[in-house]
Amino acid sequence: MIDYKPFWETLRQSEETTYTLVTRHRISGSTIDKLRKNKPVNTTTLDGLCGIFECALQDIVRYVPDRKEKGTGYEENRGEEA
C-alpha cells in the first residue's frame, strides 16, 4: 500500500500549507484529498511535490506492505510473458 504520511510530515515542517499548495503552486484540491485518503496520484504530481519541497521521493511517499495483497499471484507471475 502506498502511504503519504511522509508528505504530511514534510508539509508540517515546511512553510507551505495545503492552502498555499492550491493557490500558489496550483496543486488541485482533489489531489490534496487523494493524499489525505492515500489514493493513487500520478508520478508527475509526485515530481511536482518533490520540486516544491526540494526533497526526495521518500519525503513524500512510502510503501507499506499490505497483508491482504499477499497471494494475489503478482509475485508468481512477475517476469512471465502472458
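Further up the page is the structure itself.
Residues numbered from 1 in each chain as written. Predicted model: local features only at pLDDT ≥ 70, side-chain atom pairs only at ≥ 80, totals over all residues. Heavy atoms only, no water.

Attention now goes to the packing of aromatic side chains. Inspection of every chain in the model, using the stated rule, returns two aromatic pairs. When the ring of Phe7 is compared with that of Trp8, the centres are 4.7 Å apart and the planes differ by 75°; the resulting orientation is edge-to-face. The class for Phe7 is buried, based on a relative accessible area of 0%. Here Trp8 falls in the partly exposed class, since its relative accessible area comes to 23%. Aromatic side chains Phe7 and Phe53 sit 6.0 Å apart centroid to centroid with 75° between the ring planes, which places their arrangement in the edge-to-face category. (Phe/Tyr/Trp six-rings, centres within 6.5 Å; stacked < 30°, edge-to-face > 60°. Buried < 20%, exposed > 50% of the residue type's maximum accessible area, 1.4 Å probe, protein only.)

So, on to the pattern of salt bridges. Applying the stated criterion across every chain yields a total of three salt bridges. Salt-bridge contacts for Asp3 lead to Arg62; the nearest nitrogen and oxygen are separated by 2.6 Å. Highlighted residues: Asp3 in strand S1 (residues 2-3) and Arg62 in strand S2 (residues 62-63), separated in sequence by 59 residues. Its relative accessible area of 9% is what places Asp3 among the buried residues. The partner of Asp33 in a salt bridge is Lys37, and the shortest N-O contact between them spans 3.2 Å. Asp33 sits in the partly exposed class, given a relative accessible area of 31%. (Salt bridge = Lys/Arg side-chain N within 4 Å of Asp/Glu carboxyl O. Helix = DSSP H or I, 4+ residues; strand = E, 2+ residues; numbered from the N terminus.)

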